[in-house]
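Spelled out, the chains give:
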Amino acid sequence: MLETNKENVTEEQIEKEYSVYADSLKWQLIENKILKDNNIEVGRNDIKEYVKNYFRTSMPAGVDSNMMPEDKLDEIAERLLQNKEETKRIYDKLYDDKIKDLFKSKVKQKREEISYEEFVKVAAPKHDHDHHDHDHEH
């Protein structure tokens, strides 16, 4: 990490931030495995369609989205694809959306209506010790 980092980073900084980096790397590996195992890909055309749909759906009220010609939308999308940072942001969003859709299709959801008080009981952190009269902080 010390050798590959482009910024001036000390060993102490790396030691301090290692667990965050390791967790991020683990999640990235898990995510990549999920994507590969489920043949999930995002291509250049996916990004172009995302950009074109964004412009189609963001027309002001009363303006027909079909008024913008397809070649104009293609031109806008191609221009946006020149911006590497924006393209990466869209890639990441589309991959996240596809993973969420995959999870939703695989995980069985159980909906249950409960009162606010019941929710607070379920959502409150659980303690595995008894509270006594002495003062202490958690």
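Computed from a predicted structure; not experimentally measured.

**Student:** Break down the overall build of the protein chain for me, with residues and values.
**Tutor:** Looking only at helices and strands, the protein chain features five helices and zero strands. Listed N to C, the secondary structure of the protein chain is α-α-α-α-α in terms of helices and strands. Taken over 138 residues, the protein chain has a buried fraction of 14%. Carbon and sulfur atoms form 51% of the exposed surface of the protein chain, whose accessible area is close to 12500 Å².

**Student:** Could you give an account of the side chain of threonine 87, naming the residues involved and the relevant values?
**Tutor:** The topology assignment puts threonine 87 in helix α4 (residues 84-106). The class for threonine 87 is buried, based on a relative accessible area of 10%. Among the polar contacts made by the side chain of threonine 87, one reaches the main-chain carbonyl oxygen of asparagine 83 at a distance of 2.9 Å. In contact with threonine 87, other than residues within four places in its own chain, are Ile47, Leu80 and Leu81.

**Student:** Mind laying out the nonpolar core, listing which residues take part and the relevant values?
**Tutor:** Membership of the largest hydrophobic core is limited to eight residues, which are Val42, Ile47, Val51, Ile76, Ala77, Leu81, Ile90 and Leu94. Elements with a contribution of two residues or more to this core: α2 (44-57), α3 (70-81) and α4. It is α3 that contributes the most residues to this core, three residues altogether. Each residue touching isoleucine 90, except ones within four places of it in the same chain, is listed here: Ile47, Tyr50, Val51 and Leu80. The next biggest cluster of nonpolar side chains, apart from the first, holds five residues, and it includes Ile34, Leu35, Ile40 and Ile99.

**Student:** Residues and numbers for the packing of helix α1 (residues 11-37) against α4, please.
**Tutor:** At a closest axis distance of 11 Å, the pairing of α1 and α4 adopts a crossing angle of 70 degrees. When the axes of α1 and α4 are compared, the pair comes out roughly perpendicular. From α1, Glu31, Ile34 and Leu35 reach across to α4, where they touch Tyr95, Asp96, Ile99, Leu102 and Phe103. Split into classes, the residues belonging to the contact of α1 with α4 amount to six nonpolar, no polar and two charged.

Parameters and conventions
Residues numbered from 1 in each chain as written. Predicted model: local features only at pLDDT ≥ 70, side-chain atom pairs only at ≥ 80, totals over all residues. Heavy atoms only, no water. Helix = DSSP H or I, 4+ residues; strand = E, 2+ residues; numbered from the N terminus. Buried < 20%, exposed > 50% of the residue type's maximum accessible area, 1.4 Å probe, protein only. Areas by Shrake-Rupley, 256 points an atom, 1.4 Å probe, with all protein chains shown as cover. Polar contact = N/O pair within 3.5 Å; in protein donor to acceptor, adjacent residues only side chain to side chain. Contact = heavy atoms within 4.5 Å. Core = buried A, V, L, I, M, F, W, Y, C linked by side-chain atoms within 4.5 Å. Axes fitted to C-alpha atoms, helices over the stretch in contact; angles between N-to-C directions. Parallel < 35°, antiparallel > 145°, perpendicular 65-115°, else oblique. Nonpolar A, V, L, I, M, F, W, Y, C, P; charged D, E, K, R; others polar.

From the geometry alone we can't say anything about function, so treat these as descriptive.
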